[in-house]
Every structure is written in C-alpha cells, then in structure tokens.
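What follows is each chain in one-letter form.
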Amino acid sequence: MISHIVLLQPKAEATEEEITTVLSHVQGLQQSIPGIVETRVGRNLSVNHQGYVYGFVMRFVDAEHLNAYAPHPAHQVVSKELQNICESIVDFDIE
C-alpha cells in the first residue's frame, strides 16, 4: 500500500468555494482512476501549517497504480485546477 499525501497552500485570492469544489473533484478521482483505495480531503487542523491549510491523502494498492495516476487524463484535469488556485503544492509518497 502506498500513501500519496498532498499539501495545498491556496493563493490569497482563492475562495473557500473554489477550494471546496476542487477538493470534491479530487475525491471523485477514486471513481475514475484504478488502484485508489481511499481518498481523504480537508482542512489542516495543525496550527503549524506554514500556509498549507488544505490537503488530501490517497491510498493506492501499489506503486504501479500510483505511477499510473499522474499521467491519467482525469488527474491531469484536477491537477490543473489545483495549480490554478494554489500558490504551492507539496507531494509526499510513503509506503
């Protein structure tokens, strides 16, 4: 099992509605992309967030499915949406 952790630092002008919409699109990827076992999205509860106030965690069955995720067309659409509303995005993958 591989966990794909993504930290999101929204742009100052990004609205709560835009962020919520994109995070719902992230959750929808589980129905479109094979190998995603679980998806959790939300606001960072830590006060030590350094501006990364939202994020998500996806669990994949294995590294092969994680590697197939990035180039998948459904991911590409959501990735562009995230890039449009975020100042910075950090990916962190652990086994």
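Thresholds, definitions, all that
- Residues numbered from 1 in each chain as written.
- Predicted model: local features only at pLDDT ≥ 70, side-chain atom pairs only at ≥ 80, totals over all residues.
- Heavy atoms only, no water.
- 1 Å grid on protein atoms, 1.4 Å probe; cavity = no way out; pocket = protein on both sides within 12 Å on 5 of 7 lines; lining within 4 Å.
- Points joined across faces, edges and corners; volume = space filled by probe spheres on them.
- Helix = DSSP H or I, 4+ residues; strand = E, 2+ residues; numbered from the N terminus.
- Nonpolar A, V, L, I, M, F, W, Y, C, P; charged D, E, K, R; others polar.
- Pairing = 2+ DSSP bridges.
- Axes fitted to C-alpha atoms, helices over the stretch in contact; angles between N-to-C directions.
- Core = buried A, V, L, I, M, F, W, Y, C linked by side-chain atoms within 4.5 Å.
- Buried < 20%, exposed > 50% of the residue type's maximum accessible area, 1.4 Å probe, protein only.
- Contact = heavy atoms within 4.5 Å.

**Looking at the layout of surface pockets**
Looking at the largest pocket, its volume works out to about 220 Å³. The wall of the largest pocket is formed by 14 residues, among which His4, Tyr69, His75, Ser79 and Asp91 lie closest to the centre. With four residues, helix 3 (residues 73-85) is the largest single contributor of residues to the lining of the largest pocket. Here the lining of the largest pocket is composed, by residue class, of seven nonpolar, five polar and two charged. Here the second largest pocket is characterised by a volume of approximately 160 Å³. Along the wall of the second largest pocket there are 13 residues; nearest its centre are Gly42, Tyr54, Gly55, Phe56 and Val57. Every element with two or more residues in the lining of the second largest pocket is listed here: strand 1 (2-10), strand 2 (36-43) and strand 3 (54-60). Considered class by class, the residues forming the lining of the second largest pocket number eight nonpolar, three polar and two charged.

**Considering the sheet that holds strand 2**
One open sheet holds the four strands; their spatial order is 2-3-1-4, and the pairing between them is antiparallel. Looking at strand neighbours, the two that pair on one side only are strand 2 and strand 4 (86-94), the edges of this open sheet. Each neighbouring strand pair of the sheet contributes to a mean axis angle of 15°, computed without reference to strand direction. As judged from the eight bridges shared by strand 1 and strand 4, these two strands associate in the antiparallel manner.

**Re the nonpolar core**
In a soluble, globular protein the nonpolar side chains are often hidden away together inside. Counting 22 residues, the largest nonpolar core has Leu8, Phe56, Met58 and Tyr69 as the members making the most contacts within it. Elements represented by at least two residues in this core include exactly strand 1, helix 1 (16-32), strand 3, helix 2 (63-69) and helix 3. The greatest single-element share of this core, amounting to five residues, is contributed by helix 1. In this view, Phe56 contacts His4, Ile5, Val6, Leu8, Leu23, Val26, Arg40, Val41, Tyr69 and Leu82; residues no more than four positions away in its chain are not counted.

**Structural notes on the pairing of strand 3**
For strand 3, the tally of buried residues reaches five of seven residues, placing the bulk of the element in the interior. The pairing of strand 2 with strand 3 spans seven bridges and is classified as antiparallel. By the bridge assignment, Ile36 is partnered in strand 3 with Phe60.

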